[in-house]
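Notes for the structure review
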Amino acid sequence: MIKQEKWMSLLGLANRARKIISGEELVVKEIKNGKAKLVLISNDASLNTSKKIQDKCTHYQVPLRFVETREKLGHAIGKDARVVVAILEDGFAKKLGSMLDE
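Heads up: these notes are all about the structure in this document. Counting restarts for each chain, with residues numbered from 1 along the sequence as it is written. This being a predicted model, a pLDDT of at least 70 is required before a residue's local features are given, and a value of 80 or more before pairs of side-chain atoms are given or counted; all residues contribute to the totals for chains, interfaces and linings. Based on all heavy atoms of the structure, the side-chain values leave hydrogens and waters out of the count.

Turning to the sheet that holds strand 3 (residues 64–67), a few remarks are in order. Strand order in the open sheet formed by four strands is 1-4-2-3, and the pairing between neighbours is mixed. Each edge of the open sheet is held by one strand with a lone partner, namely strand 1 (20–22) and strand 3. Mean inter-strand twist for the sheet, computed between neighbouring axes without regard to direction, equals 20°. Strand pairing follows a simple DSSP-based rule, namely that at least 2 bridges must link the two strands. What counts as a helix is a DSSP run of H or I of at least four residues, what counts as a strand is a run of E of at least two, and both are numbered from the N terminus. Strand direction decides the pairing type here: strand 1 and strand 4 (residues 84–87), joined by three bridges, are antiparallel. Its bridge partner being in strand 4, Ile20 is matched across the sheet by Ile87. Here helix 2 (residues 24–33) sits on the sheet in contact with strand 1, strand 2 (38–42) and strand 4, set at roughly 135° to strand 1. Note on definitions: angles span 0 to 180 degrees between N-to-C directions of axes, and those axes are lines fitted to C-alpha atoms, for helices only across the stretch in contact. Contact definition: two residues touch when any of their heavy atoms are within 4.5 Å.

Relative to the assigned elements, Glu30 resides in helix 2. In this structure, Glu30 is buried with no salt-bridge partner, the nearest side chain bearing the opposite charge being Lys35 at 4.5 Å. Ignoring sequence-local partners within four residues, the contact set of Glu30 consists of Ile21, Lys35, Ala36 and Leu88. Exposed residues in this analysis have more than 50% of their type's maximum accessible area, buried residues have under 20%, and partly exposed residues fall in between, with area computed by a 1.4 Å probe over protein chains only. When charges are counted, neither His nor the chain ends are considered; positive counts come from Lys and Arg and negative counts from Asp and Glu. A pair is scored as a salt bridge if a Lys or Arg side-chain nitrogen falls within 4 Å of a carboxyl oxygen belonging to Asp or Glu.

Moving on, we get to the side chain of Thr49. Turning to its location among the elements, Thr49 is positioned in helix 3 (residues 47–59). Residue class for Thr49 comes out buried when judged on its relative accessible area of 13%. Residues within four places of Thr49 in sequence aside, it is in contact with Glu24, Ile41 and Val83.

Moving on: the nonpolar core. Grouped together as the largest cluster of nonpolar side chains are 19 residues, with contacts concentrated most on Trp7, Leu11 and Ile87. Listed by contribution, the elements that provide at least two residues to this core are helix 1 (3–16), strand 2, helix 4 (70–76), strand 4 and helix 5 (90–101). Sequence-distant contacts of Leu11, defined by excluding residues within four places in its chain, comprise Ile20, Leu40, Leu73, Ala76, Ile77, Val85, Ile87 and Leu96. Counting residues in each nonpolar core, the second largest holds twelve residues, with Val28, Val39, Ile41 and Cys57 among its members. Residues belong to a common nonpolar core when they are buried Ala, Val, Leu, Ile, Met, Phe, Trp, Tyr or Cys residues joined through side-chain atoms within 4.5 Å.

In structure tokens form, the structure reads like this:
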């Protein structure tokens, strides 16, 4: 299995375990609440959304990783295109972070 498919299947597993949240407003809320452990944002997100999420992650010291496209991010969680996803559990966040750093 190639690297990209591995992170997508792990994200799918986190989704089935109900340990993620998607959508800009919900993710920002979880970052502020301190529940977001890792945020994934697509490279094709709008500049406005991208800056907003990056600023929140920096301010609240939440790790941030970029993924290729919104379609891949959405597909990984069995939904339509998603621009931003937050992982709410440490184990999934650490593993996904290390996979995306490779």
